Amino acid sequence: MKNPYAYIEADIVDVIDETSTIKTFTLRPREAIGFRTGQFMDITAPGIGEAPFTPSSNHDTTEILDFTIMNVGRVTTLLHAMKKGDLVGVRGPYGKGYPLKEFKGKELCIVGGGVGLAPLRSLIYALFNEVNDYKKIVLKFGAKTPNEIVYKREIDSWRARAKHVDIEITVDKGDNTWKGNVGLVTTILRDLPVHIKSAKAIVCGPPIMMKFVTFKLLELGFRPEDIYLSMEKNMSCGIGKCGHCRIGPYYSCKDGPVFTYQQIKDLNEVWD
Amino acid sequence: MESSYYCISKQSFIDLLDRLAKHYSVYVPYRKNETLSFGKLDPEQETSIEIGQIRQSQPLKSFLNQALEKVMVRDPRSEKQGKKTVVVGVKACDLVSLRIQDYVFKEGDYKDPFYIEERESTVIIASDCADPKETCFCVAMNGKPYPEKEFDINLSLLKSVSKESYLVEVATEKGTRILNEFRSFFTPGDSSHIKFRDELRRKVTAQIEQFLQKRSTQRASALGGIMKKQFGNIELWSDNASTCVECGACNLVCPTCHCFLLSDQKVGGVPERLKAWDSCLYKTFARVAGGANPRKHLWERLRNRFDKKFGFFAEVLNTFACTGCGRCIEACPGDIDIREVLKGLVTGTWAKPPHL
């Protein structure tokens, strides 16, 4: 029987500084480990600890995986100190991921904040694999400052990917180079170029942002079953056994981490 | 397979265990002052072995899902020298907890191979409760003070005075193998023994009924929907949590609590992964690295303990994750009594903490 707590080894083949606190690590696992967009994996700094992350790369690429990681806790600090050539562990994939089938033929409004863009980048690549299967792809991103925007080097190429891709970025606080919107991400959700009654919204970001974006989307007329949220909870095992990530009758690791608002709206302890 | 009945004297049974210990790691209940606790069979301590009585201070899960175990790289069974485990004197309130532990570790998409290995190889020699304590409330949780399932062999006390002996019920292949190997230790059981056993079972059940009535302990039938009803009753939760010191003892002694934490260490440069029992009362239990914590307050974490037992498991498994063993009542340094908390949840009234 397979040991679900054991990781497989992976070599760090590239490290990109996204911002002062966020890096993208490209890993080459020594055994095949595929995933579907939105699923997550546990990354181990061997002998030190592990933490859950959603790959930010295209799920069609299986030999290497990207993880975009913010330096925010014990394990991420150690990961940030690692370099190309270092060895980490990878375990997974876990969770259900994004239901691409439900997105087909729809107008999609993807709202991200900060390092929450990591799973969304993977989703965007998955959508781009079959870009004409989606009626419209609207991306609304928020960052604290222009320097805190991740994937800057790629976003222009996303804009150029297809005519029906529409991207807007806002920052909480601008600088003298910034020409875009200044304000929280909720301020760029007005006048969305989609038919709200039939569109799908996909949200990933810090808990407080998720909460206010969800309320804004509801106010705009999105149905609870059309809002897909990545629920950030403390996860240890990733397989629904350790008990940490429980939300009502669900475990975020096993039943999520992507939930529709309809699934969780009447549950307790959702937003914190 | 059908149960079959035999008799064995206490001395013969202990002799049998001594013989079994050549092939198995045998754990038996010892009396230590007021409590019973499991320990490895030791010829020098045989006089303090106590089979009847009530549940031991350690829950059965300690043998199946150890408090701390290496899950990567896996320990060879060095301590046990490859021996399988026999646990003696296991009570019904522990046996029914296996429904929860099995659900978590044996069922679903991912299985825990370490639990399954122990669960399948461990021999459970259960026993009826002969002398319940005031903290026993299994009957309120739809349980019985005697084993009905999940045992390989069960022992029912036949004579309690000088010459203790047991009615032996063999229920599985594993039990039958032991019976066959030690056939000469047993004598046939008959209907008079079963009658004696049933009489004692009725007496003990009635005793627990009296405990329940005396303090108006709520029964499982009254507990449906209580978490939905009282989740938002902050006063109830904060009053009940006012003496909680966040020690996690209730989780450790609970036969159904299953939460754990994986942690990594390096030993001689080699990375290892450990799996250790965790407590939902600890402040960091649900906190994420970014700092968000859905249960910042201690009362939210005490509420979570009840929500897991009486909300979550009711919803996903149609059962409550409490067997009425009463261990948490004895373990709590803050005197938090699960029976009183449940009473408050059902009736909406509870005693105010004395210091408030």
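Attention now moves to the nonpolar core. All names here are of chain B. Residues F306, F310, I338 and L345 are the most contacted members of the largest nonpolar core, which totals 41 residues. Taken together, the elements giving at least two residues each to this core come down to α7 (191-214), α8 (226-230), α9 (234-240), α11 (298-317), α12 (327-331) and α13 (338-347). Looking at this core element by element, the count peaks at five residues for α11. Once residues lying within four places of it in the same chain are set aside, the contact partners of F310 are M141, L223, I226, M227, F320, C322, I338 and L342.

This next bit is on the pairing of strand β5 (residues 65-70) of chain A. Residues and elements named next belong to chain A. Burial runs high along β5: five of the six residues are buried. Pairing of strand β2 (residues 22-29) with β5, which is carried by six bridges, proceeds in the antiparallel orientation. Among the inter-strand pairings, I22 is bridged to a residue of β5, identified as M70.

All names here are of chain A. Pairing within the open sheet is mixed, and its seven strands lie in the order β10-β9-β8-β7-β11-β12-β15. Across the chains shown, the open sheet's two edge strands, defined by having one partner strand only, are β10 (181-182) and β15 (258-260). As defined by bridge partners, strand β12 (residues 227-230) adjoins β15 across three bridges and the pair is classed as antiparallel. For L229, the partnering residue across the bridge sits in β15 and is F259. Where helix α4 (residues 152-159) meets the sheet, its contacts fall on β8 (136-143) and β9 (165-171), and the angle it forms with β9 comes to roughly 145°. Contacting β7 (107-113), β11 (200-204) and β12, helix α5 (residues 207-220) runs over the sheet at an angle of about 165° to β11.

Quick look at the interface of chain B and chain A now. Listed by partner, the interface residues are 44 residues for chain B and 38 residues for chain A. Around 3300 Å² of area is buried between chain B and chain A when both sides are counted, 59% of it from carbon and sulfur atoms. On the chain B side of the interface with chain A, the three residues burying the most area are Y110, R273 and F312 of chain B, jointly 17% of the side's total. Linking chain B with chain A are four salt bridges, by the criterion used here. With a shortest N-O distance of 3.2 Å, E50 of chain A and R273 of chain B are connected by a salt bridge. On the surface where chain B and chain A come into contact, there are 18 residue pairs in polar contact (both at pLDDT 80 or more). Of all the secondary structure elements, the ones that give two or more residues to the side of chain B that touches chain A are β4 (68-72), α4 (98-105), α5 (113-121), β10 (260-267), β11 (270-277) and α11 of chain B. Ranked by residue count, the leading element in the side of chain B that touches chain A is α11 of chain B, at eight residues. A breakdown of the residues in the side of chain B that touches chain A according to their chemical character gives 22 nonpolar, six polar and 16 charged.

What follows deals with the environment of V28 of chain B. Residue and element names in this part refer to chain B. Relative to the helices and strands, V28 is located in strand β2 (residues 24-32). Classification of V28 by relative accessible area gives buried; the value is 0%. The residues contacting V28, other than those within four sequence positions of it, are L17, S37, F38, G39, L41, I49 and V88.

Let us now look at α4 of chain A. All names here are of chain A. Three or more residues of α4 are buried, namely E154, I155 and W158. All buried residues of α4 project into a common sector of 110° when viewed along the axis, lining one side. Here the buried face of α4 lies against α3 (117-129), β8 and β9.

For the rest of this paragraph, the subject is the pattern of salt bridges. Side chains carrying opposite charge are able to pair once their charged atoms draw close together. Under the criterion given, the structure shown has 50 salt bridges over all chains. One salt bridge connects R246 of chain A with D307 of chain B, and the closest N-O pair in it is separated by 3.2 Å. Residue R246 of chain A is found in strand β13 (residues 246-247), and its partner D307 of chain B is found in helix α11; the two belong to separate chains. The same class applies to R246 of chain A as to D307 of chain B, namely buried. Between D152 of chain B and K174 of chain B there is a salt bridge; the shortest N-O distance is 4.0 Å. Taken together, the positions of D152 of chain B in the loop between β6 (123-127) and β7 (153-159) and K174 of chain B in helix α6 (residues 173-181) put the pair 22 residues apart, joining distant regions of the chain. Each of E134, R215, D337, R339, E340 and K343 of chain B takes part in salt bridges that share partners, so that together they form one network.

To continue, consider the packing of α3 of chain A against α4 of chain A. All names here are of chain A. The contact between α3 and α4 brings their axes to 13 Å, and the two run at 30°. Between α3 and α4, the angle falls in the class roughly parallel. For the pair α3 and α4, the crossing hand works out as left-handed. Here α3 contributes R121, I124, Y125 and F128 to the contact with α4, which in turn contributes R153, E154 and W158. A class-by-class count of the residues in the contact of α3 with α4 yields four nonpolar, no polar and three charged.

Quick notes on the rules
All residue numbers here refer to positions counted from 1 along the written sequence of the relevant chain. Chains and ligands are labelled sequentially in the order written, the chains with letters from A and the ligands with numbers from 1. The model is predicted, so local features are restricted to residues of pLDDT at least 70 and side-chain atom pairs to those at 80 or more, both for listing and for counting; the totals for chains, interfaces and linings are taken over all residues. Note that water and hydrogens are dropped before the side-chain values are worked out from all heavy atoms of the structure. Residues belong to one nonpolar core when they are buried, are Ala, Val, Leu, Ile, Met, Phe, Trp, Tyr or Cys, and are joined through side-chain atoms within 4.5 Å. Working definition: with a 1.4 Å probe on protein chains only, accessible area under 20% of the residue-type maximum means buried, over 50% means exposed, and in between means partly exposed. Every helix listed is a DSSP run of H or I at least four residues long, and every strand listed is a run of E at least two residues long, numbered separately from the N terminus. In what follows, residue pairs with any heavy atoms lying within 4.5 Å of each other are defined as contacts. Between any two strands, pairing holds if DSSP finds at least two bridges. Between N-to-C directions, angles cover 0 to 180 degrees, with each direction set by a line fitted to C-alpha atoms, over the stretch in contact for helices. Summed over both partners, buried area is the accessible surface (1.4 Å probe) that two parts give up on being assembled. Salt-bridge detection follows one rule: a side-chain nitrogen of Lys or Arg within 4 Å of a carboxyl oxygen of Asp or Glu. Polar contacts, as counted here, are pairs of nitrogen or oxygen atoms within 3.5 Å of one another; within protein the pair requires one atom able to donate a hydrogen and one able to accept it, and residues that are adjacent in sequence qualify only if both atoms are side-chain atoms. In this classification, Asp, Glu, Lys and Arg are treated as charged, Ala, Val, Leu, Ile, Met, Phe, Trp, Tyr, Cys and Pro as nonpolar, and every other residue, Gly included, as polar. Directions from the helix axis toward the C-beta atoms define the arc. For classification purposes, an angle smaller than 35 degrees is called roughly parallel, one larger than 145 roughly antiparallel, one from 65 to 115 roughly perpendicular, and anything else oblique. By the definition used in this description, the sense in which the near helix is turned from the far one sets the handedness, with an anticlockwise turn below a right angle giving left-handed and a clockwise turn giving right-handed.

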